[in-house]
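The lines below spell out each chain.
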Amino acid sequence: MAPRGGAPCLVLLVSGKRKSGKDFVAEALRSRLGADVCAVLRLSGPLKEQYAKEHDLDFQRLLDASAYKEAFRRDMIRWGEEKRQADPGFFCRKVVEGVFHPVWLVSDTRRVSDIQWFREAYGALTQTVRVVASEQSRQQRGWVFTTGVDDAESECGLDNFGAFDWVIENHGDEQRLEEQLEKLVVFVRSRL
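Residues numbered from 1 in each chain as written. Predicted model: local features only at pLDDT ≥ 70, side-chain atom pairs only at ≥ 80, totals over all residues. Heavy atoms only, no water.

Q: Please explain the sheet that holds strand β3 (residues 103-106) as it appears in this structure.
A: By definition, the strands of a sheet pair up through backbone hydrogen bonds, in either a parallel or an antiparallel sense. Ordered in space as β2-β3-β1-β4-β5, the five strands form an open sheet in which the pairing is parallel. Because the sheet does not close on itself, it has two edges, and the strands there are β2 (38-41) and β5 (166-169). The sheet shows a mean angle of 20° between the axes of neighbouring strands, taken without regard to direction. By the bridge criterion, four bridges tie β2 to β3 in an arrangement that is parallel. Opposite V40, over in β3, you have L105 as the bridge partner. The strands that helix α6 (residues 112-122) touches are β1 (10-16), β3 and β4 (126-132); relative to β4, the one it contacts most, it runs at about 155°. Where helix α9 (residues 174-190) meets the sheet, its contacts fall on β1, β3, β4 and β5, and the angle it forms with β5 comes to roughly 155°. (Pairing = 2+ DSSP bridges. Helix = DSSP H or I, 4+ residues; strand = E, 2+ residues; numbered from the N terminus. Axes fitted to C-alpha atoms, helices over the stretch in contact; angles between N-to-C directions. Contact = heavy atoms within 4.5 Å.)

Right, dumping it as structure tokens:
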């Protein structure tokens, strides 16, 4: 059952590897659609907030791309997995509470259970968007393979998901990226 809040016209579930540009794509879409139309939601937000409370950490520092966050990443992943095993929809329900925008863009979808929850709650309003980038592009953005992070479910859970509704190639070709974003924006506007 969907939590209380507004009923969206469209839910975009954005996924991709670390440094693929998920947040960049999400913000580019919100910029084109307008902040009054599109809410960018991050499943990691409620996860990090609860983790910070339980471990007496600085929540705001866990939100940025800092060494502070990286120091806790492995344990946060383990802790989040334990929470999801007990209740697969825990973080999904938390992130949509009180959201009233017509378009919800979940910028850090990482697991099949996340997609399943949104599909069960919002059905045909749910679209999956995969952001892909070559390892070379990701390395240029600062990505370095980290054992226990890049080979964990939080990074690999959707590798064999199957057909995504949309695939956005973010290899560094700005014109190609713009063309793909424009097609997605046209689709989103057709649903409003």
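There is more to say after this.
Q: What's the story with the layout of surface pockets in this structure? I'm lost.
A: Gaps left between atoms show up when a probe the size of a water molecule is rolled over them. Reported here for the largest pocket is a volume of approximately 930 Å³. Lining the largest pocket are 40 residues, and of these K22, D23, K69, R73 and R110 lie nearest its centre. Secondary-structure elements contributing two or more residues to the lining of the largest pocket are α1 (22-33), α2 (44-55), α4 (67-86), α8 (153-156) and α9. Per-element tally for the lining of the largest pocket: the top contributor is α4, with seven residues. Taken together, the residues that form the lining of the largest pocket break down as eleven nonpolar, ten polar and 19 charged. (1 Å grid on protein atoms, 1.4 Å probe; cavity = no way out; pocket = protein on both sides within 12 Å on 5 of 7 lines; lining within 4 Å. Points joined across faces, edges and corners; volume = space filled by probe spheres on them. Nonpolar A, V, L, I, M, F, W, Y, C, P; charged D, E, K, R; others polar.)

Q: Mind showing me how you'd approach the pattern of salt bridges here?
A: Oppositely charged side chains can form a pair if their charged atoms are brought close together. In the structure shown here, the tally under the stated rule is 14 salt bridges. Between R73 and E70 there is a salt bridge, and its shortest N-O distance comes to 2.8 Å. Here R73 pairs with E70, and both are found in helix α4, just three residues apart, close to one helical turn. Through salt bridges that share partners, D23, E27, R30 and R42 make up one connected network. (Salt bridge = Lys/Arg side-chain N within 4 Å of Asp/Glu carboxyl O.)

Q: What is the right way to look at empty space enclosed by the protein in this model?
A: Taken as a whole and judged by the stated rule, the model has one cavity of 30 Å³ or more. Taken as a whole, the largest cavity spans an internal volume of roughly 50 Å³. As for the largest cavity, its lining consists of S15, G16, K17, T109, R110, R130, S154, E155, C156, G157, L158 and D159. Only β1 and α8 provide two or more residues apiece to the lining of the largest cavity. Broken down by element, the residue count for the lining of the largest cavity peaks at three residues, all from α8.

The values are spatial; any link to function lies outside them.
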